[in-house]
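Residues per chain, in single letters:
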Amino acid sequence: MKVSIKWLKEYVAFDVDAESLAARLTMMGLEVEALVDRYAYLDRAVVGKIIHMEPHPKNNSLHLCKVDIGQKELSIVCGATNVEQGDVVAVGLPGMKLSTNVVIEPRQVYGLLSEGMLCSQAELGLGPDQTGVLILVKESVPGQKLSDAFGLSDIVMEFKLTPNRADCFSVIGIAREIAALLNLPLILPKAGLVEGDTSIETLISVSVESPQDCLQYFARVVTGVKIGPSPQWLQNRLVSVGIRSVNNVVDVTNFVLMEMGQPLHAFDYDRLAGHQIVVRTARAGETFKTLDGVVRTLDSGMVLICDAKQPVALGGIMGGENSEILDGTTNILLESAYFNPATIRRAAKKLGLSTDSSHRFERGVDPEGLGRALDRAAQLIVEVAGGQVAQGPAHGGGLQFDKRAVEPIELSIGRTNRLLGTKLSAGQVIGHLRSIGLKVEVLDDDSLSVVPPSFRVDLLRPIDLVEEVARLMGYDQIPVTSPVVPMIASPPTDRLRLREQVKEILLGCGFSETLTYSFIGADSFEKLSLSPDDRLRSCVTILNPLTEDQRVMRTSLVPGLLSTAYLNQTHRNYDMRIFEVGKVFFAKKGAELADEIEMISGLWVGARHVRSWHSKGDGVDFYDVKGVIETLLGALDVKDVTFRAGNQEELPYFCAGSMANVYSENVFLGTFGQLAPFVTSSFNLKRPAFCFDLSLDKLIDRVVWAKKARPFSRFPSVGRDIALILNDAVEVQQVVDFILGTGADFLVSADVFDVYRGKPIAEGKKSVALRLTYLALDRSLRDDEINVIHEVVTKQVLDAFKAALPLAQQ
Amino acid sequence: MKEDLEKIRHEALDALALADTAAAIQGLRTKYVGRKGIVVQHMKTVPSLPVDDRPAMGSLINGIKRQLESAFDDAVEALVLRQSKTASILDVTLPGRRLDRGRLHPITQIANSICDIFLRLGFEIAEGPDIELDYYNFEALNLPKDHPARDMQDTFYVSDNVVLRTHTSPIQIRVMEKQSPPIRIIAPGKAYRVDSDVTHTPMFHQVEGLVVGENISMADLKGVLATFVHQMFDEDTSLRFRPSFFPFTEPSAEVDIRCVICRGAGCRVCSQTGWLEILGAGMVDPAVFKMVNYDSSKYTGFAFGMGIERIAMLKYGIDDIRTFYENDARFLEQF
């Protein structure tokens, strides 16, 4: 909200500069966002004296003037007829923006250079007169800034008000806070309404049919007004806070709105059928054309102000075209009402129509200020538009809605101090509360009975008063202490520990962490070529996304990783090793909330190692990603990890034959491998991409948290090799499992060290070489005893897999 | 014979003294002690000597052989040492074989630093769902439907009753529903609002804090946040508490810190004010305690919340928040 300093000074005579006032108000909870000099736009307007004037040689309706602006003389071509040589005038210099939004520039006018402009009052935004150039008194000094010459200076404070401070949405509201801050009296406008003889009852009847939505309705009638432009002072006030002047009557309603915070509405009395006001709720689907010319469709939660025949205003939000004040209006009805804040908020939100009125009604206007604002407006209308005010306001509604007057709030000094950590005396607390107009009575040593003024609709509970005390004493006066609490600690959860460890291990594997949005485009599922009934399609959809590519909550981290790789590729970075640990979301049938599952996904694109003199930049392959998974699960001590060839039908975005599933015992942990080429290309990636996708949730239970030391041998091990010719289809793991399963004495491991296909090995076969390690915990092994054992193992393997020894060993 | 051998030994050692390449030394080694070398040839003559002379001669020849062998070894060693001192064999400016290490995302790093400070103070970490019921996100936090304060937050809706949480505050409620005081938690996590510009992304991260107990005061809130700010920034970073409004706390405060860029002199980052708003805080509103059945005549508490991106931007000097979610490698590798 904007408030001008000059306007404020009408109600509180302070003498503090704008900047320090703004700082102090901010520290009181009324945040001043900006201080704006209202007349800053006049920076390039100066006083000029016309020292010579001659007709334009090519156009006799123009003159060429030599204008003295102090340091300089300017040539200005001017068409005005009200100036003559020797006049002192307002000169706009190049760069100045006129109220018509034209920016003055030097230009040629019929062949002569004009270096500025002689401006009218209207062009300067200083008044309505546009008939000629603004002429100043002869004593004005050429070159002086126009704003200085006129003594124009007014700073406008822009407040960022919190929703609870409804009382500050007015100039008087802010003035009241300043008065409390500076300990100055608040000067309220004098009531001086003179009523005529005609009784309001003979002119209008008011009935409120939905008193829960419109709790109070007051109306006054002013007859015999003359609609016209507002006087300068009134226009000036409105312009200072950014409100456009319309006509004298509408301007008065806006003025009182700004001054007192009570929204008012003026109807053309003669256009109200039956001279009747009926306040009712709208019928669902009913339409109404508001002042702005828009036809709006209403629902039953909205309030309509109607005459005998039809709606005339959308209650609390905006008037209607059918009853607005026109140039020929002579009799007016003024409305001042209290609408239910929730009703107005719902309606305004539903209609997408927020006005100065609705904004204030939503937050709660002063329930006792309705009559005061109405009288003030009626009085000002008579002042600026003539006419006579009928006797008395008409009244409808009448629900009791301010209970506080009958139920004072009880405040405990002790509790106030305990909550704030202060040692305030009763006197200090009372002083603060009274400074903003609260009525305080002492009940006993510790208790106060407090009645807030009606305009403080936010003060309902003791805690609200504690906040006022804190705010008024200043938060900086509250001491700084450390809380005293029992020393209880619980260990971090397994999830937190695991998440941290996983990230640490992946960093060590050269993967960098990325964070991508939790929402993705709905087209991501197509890009991953998911079947229509794929599990990953049961996503949560956002009703109001910002963009289409943020339409659904992700069910996989993979699209985010691929998009990230694409972004980097556009910067010619083709080698990426990235991961994300984050949640995916699945819609759950019959439940309101989603299933949220934490995933660990990574992407490796491009080279295995960055190309260098010692590395040719070979592309990453399946076994690189498998190595990462093995490193990760190994470092975490995951129980019984097995790898099985994956089913591409299940996860169509992986490459058939180049993917694997990983399990711990029989718990499925996730999948890794090469992404299908059409997936990488639908994300516009140019290089093969390898990916892993593991469930952190599943992993939590599979990690061995309590580590136990195992004995290890201090004696040398003995190694023996086996080379086998196997059918290509035999998985090496089967052989390893078989070997370890033989239970041979001293055998501790079997590691593959070579796999070979090609000549001289027959087609469909492969040669696999394994190293078996034998070890005893308590002694050195003898070659001869191992030879015997190894021979047996070798024979068992050959038999089991119908394998042959390589030629060299046959 | 004896003299011959002595002569051979001298010849060999003299020649070795002049050999200055590995090849020359190897040549001498082959010539004298190789399988067909001079010394070895002499050894072959031993069986033809008189029986009595054989042991003495044998051990003499063996002695010479061992001596020469060790002389050759020493010479090679000395040569390598000499060469390593005089000539650089490696171009040490060539890049080494690096073991790549990834980087933690800057938001994670800042979140970790924030959490670490509070963990040291005895807080525990709590988490909650990103997709949240209206009840937890708003109502239980004293933000009933149709409350104007809901305007402060632009909400993504999943249904009338389900939202993407607009802050991490619903975690407070979920924790208090399950646990009785005393409570000291921090709740880091993602939050979502319909907003996108240089200082807002539709998804962002917050850390929420909550302390509930007997006799917890606003002075304690100031103490805890001062400790946090001094550790997160530095001891010279002063704070100020400004009255504000949040439906779930009262009294409420905005917490500003002295601008970490200009130290209060006024700059672009702090809009010339010398202060930066980094935290919202306040005493837990009794209405919130009522929602979780806490006795507000017995317990008091404070809560605070901060945006992690905001702090990361200040710490790292980043001026466009969207940079965090582009994940450009050239950005990530800086942290």
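(A) Up close: the overall build of chain A. Scanning chain A from N- to C-terminus turns up 20 helices and 39 strands. Its C-alpha atoms give chain A a radius of gyration of 42 Å, clearly above 28 Å, the size a compact globule of 810 residues would have. The principal-axis extents of the C-alpha atoms in chain A amount to approximately 130 × 85 × 60 Å. Across the 810 residues that make up chain A, the buried fraction comes to 52%. In chain A, once contacts between residues fewer than 6 apart in sequence are set aside, the share between residues at least 24 apart is 68%. Accessible area of chain A: about 37600 Å², with a carbon and sulfur share of 51%.

(B) Here's a closer look at the overall build of chain B. A count of helices and strands for chain B gives twelve helices and ten strands. For 335 residues, the compact-globule estimate of 2.2 N^0.38 gives 20 Å, and the C-alpha radius of gyration of chain B, at 40 Å, exceeds that figure by more than 25%. Structurally, chain B occupies a C-alpha span of about 120 × 45 × 40 Å along its principal axes. Sequence separation of 24 or more characterises 66% of the internal contacts of chain B that already satisfy a separation of 6 or more. Within the structure as shown, chain B displays about 15400 Å² of accessible surface, and the carbon and sulfur contribution to it stands at 51%.

(C) Local environment of the pattern of salt bridges. Residue and element names in this part refer to chain A. Counted by the stated rule, this structure contains 62 salt bridges over all chains. A salt bridge links arginine 360 to aspartate 356, with the nearest nitrogen and oxygen atoms 4.0 Å apart. Of this pair, arginine 360 and aspartate 356 both sit in helix α8 (residues 356-363), four residues apart, which is roughly one turn of that helix. Residue glutamate 580 pairs with arginine 554 through a salt bridge whose shortest N-O separation is 3.0 Å. With glutamate 580 in strand β31 (residues 576-586) and arginine 554 in the loop between β30 (552-553) and α15 (558-570), this pair connects stretches of sequence that are 26 residues apart. There is no split in this pair, since glutamate 580 and arginine 554 are both buried. A single network of salt bridges, built from pairs that share partners, joins Arg165, Asp167, Glu177, Arg456, Asp458, Glu468 and Arg471.

(D) Up close: the layout of surface pockets. There is about 1200 Å³ of room inside the second largest pocket. Surrounding the second largest pocket, 46 residues form its lining, Leu496 and Arg499 of chain A together with Ile125, Glu127 and Pro188 of chain B being those nearest its centre. Going through the elements one at a time, α13 (494-508), β31 and β32 (595-605) of chain A together with α5 (106-120), β1 (124-125) and β5 (183-192) of chain B are the ones with two or more residues in the lining of the second largest pocket. Counting residues per element, the lining of the second largest pocket draws most heavily on α13 of chain A, at eight residues. Of the residues contributing to the lining of the second largest pocket, the split by class is 20 nonpolar, nine polar and 17 charged.

(E) Quick look at the nonpolar core. By size, the foremost hydrophobic cluster in this structure holds 216 residues, and its most contacted members are Tyr217, Leu333 and Leu433 of chain A together with Ile114, Met176 and Phe304 of chain B. Looking at this core element by element, the count peaks at nine residues for helix α9 (residues 370-385) of chain A. Among all residues touching phenylalanine 304 of chain B, those that are not within four sequence positions of it are Phe118, Phe123, Ile186, Val207, Glu208, Gly209, Leu221, Leu225, Leu279, Gly280 and Ala281 of chain B. By size, the runner-up hydrophobic cluster in this structure holds 32 residues, among which are Val581, Val620, Ile629 and Leu699 of chain A.

(F) Looking closely at the interface of chain A and chain B. Contact residues are listed per partner, giving 83 residues for chain A and 84 residues for chain B. The contact between chain A and chain B buries some 7000 Å² in all, and 58% of this surface belongs to carbon and sulfur atoms. A per-residue breakdown of the area chain A buries against chain B is headed by Arg345, Tyr475 and Leu515 of chain A, which together make up 11% of the total. Two residues, aspartate 100 of chain B and arginine 577 of chain A, come together in a salt bridge whose shortest N-O distance is 2.4 Å. At the boundary of chain A with chain B, the tally comes to 40 residue pairs in polar contact (both at pLDDT 80 or more). Looking at which element gives the most residues to the side of chain A that touches chain B, the answer is α13 of chain A, with seven residues. Here the side of chain A that touches chain B is composed, by residue class, of 37 nonpolar, 24 polar and 22 charged.

(G) Broad picture of the packing of helix α10 (residues 413-420) of chain A against helix α12 (residues 462-473) of chain A. All names here are of chain A. As a packed pair, α10 and α12 sit with axes 10 Å apart at the nearest point and diverge in direction by 65°. Relative to α12, the crossing made by α10 is right-handed. From α10, Thr416, Leu419 and Leu420 reach across to α12, where they touch Ile463, Val466 and Ala470. Here the contact of α10 with α12 is built from residues that sort into five nonpolar, one polar and no charged.

(H) Fine view of the packing of aromatic side chains. In the structure shown here, the tally under the stated rule is 27 aromatic pairs over all chains. Taken together, the ring pairs in this structure connect Tyr517 and Phe519 of chain A together with Phe156, Tyr192 and Tyr325 of chain B into an aromatic cluster. Its guanidinium or amino end placed over the ring of phenylalanine 683 of chain A, lysine 527 of chain A lies 4.8 Å from that ring's centre, counting from NZ or CZ.

(I) Highlighting the sheet that holds strand β25 (residues 409-412) of chain A. Residue and element names in this part refer to chain A. Spatially, the three strands line up as an open sheet ordered β25-β27-β26, and their pairing is antiparallel. Unpaired on one side and paired on the other, β25 and β26 (439-442) mark the two borders of the sheet. With direction set aside, neighbouring strand axes in the sheet form an average angle of 30°. The sheet contact formed by β25 and strand β27 (residues 447-451) spans four bridges and is antiparallel. Considered in β27, the bridge of leucine 411 is made with leucine 448. Most of the contacts of α10 go to β25, to which it runs at about 60°, and overall it touches β25 and β27.

About the criteria used
- Residues numbered from 1 in each chain as written.
- Chains lettered and ligands numbered in written order.
- Predicted model: local features only at pLDDT ≥ 70, side-chain atom pairs only at ≥ 80, totals over all residues.
- Heavy atoms only, no water.
- Helix = DSSP H or I, 4+ residues; strand = E, 2+ residues; numbered from the N terminus.
- Rg over C-alpha atoms; globule rule 2.2 N^0.38 Å.
- Buried < 20%, exposed > 50% of the residue type's maximum accessible area, 1.4 Å probe, protein only.
- Contact = heavy atoms within 4.5 Å.
- Areas by Shrake-Rupley, 256 points an atom, 1.4 Å probe, with all protein chains shown as cover.
- Salt bridge = Lys/Arg side-chain N within 4 Å of Asp/Glu carboxyl O.
- 1 Å grid on protein atoms, 1.4 Å probe; cavity = no way out; pocket = protein on both sides within 12 Å on 5 of 7 lines; lining within 4 Å.
- Points joined across faces, edges and corners; volume = space filled by probe spheres on them.
- Nonpolar A, V, L, I, M, F, W, Y, C, P; charged D, E, K, R; others polar.
- Core = buried A, V, L, I, M, F, W, Y, C linked by side-chain atoms within 4.5 Å.
- Buried area = accessible area lost by both parts, 1.4 Å probe.
- Polar contact = N/O pair within 3.5 Å; in protein donor to acceptor, adjacent residues only side chain to side chain.
- Axes fitted to C-alpha atoms, helices over the stretch in contact; angles between N-to-C directions.
- Left-handed = near helix turned anticlockwise from the far one by under 90°.
- Phe/Tyr/Trp six-rings, centres within 6.5 Å; stacked < 30°, edge-to-face > 60°.
- Lys NZ or Arg CZ within 6 Å of the ring centre and 35° of its normal.
- Pairing = 2+ DSSP bridges.

Note that all results are geometric; they support no functional claim without further evidence.
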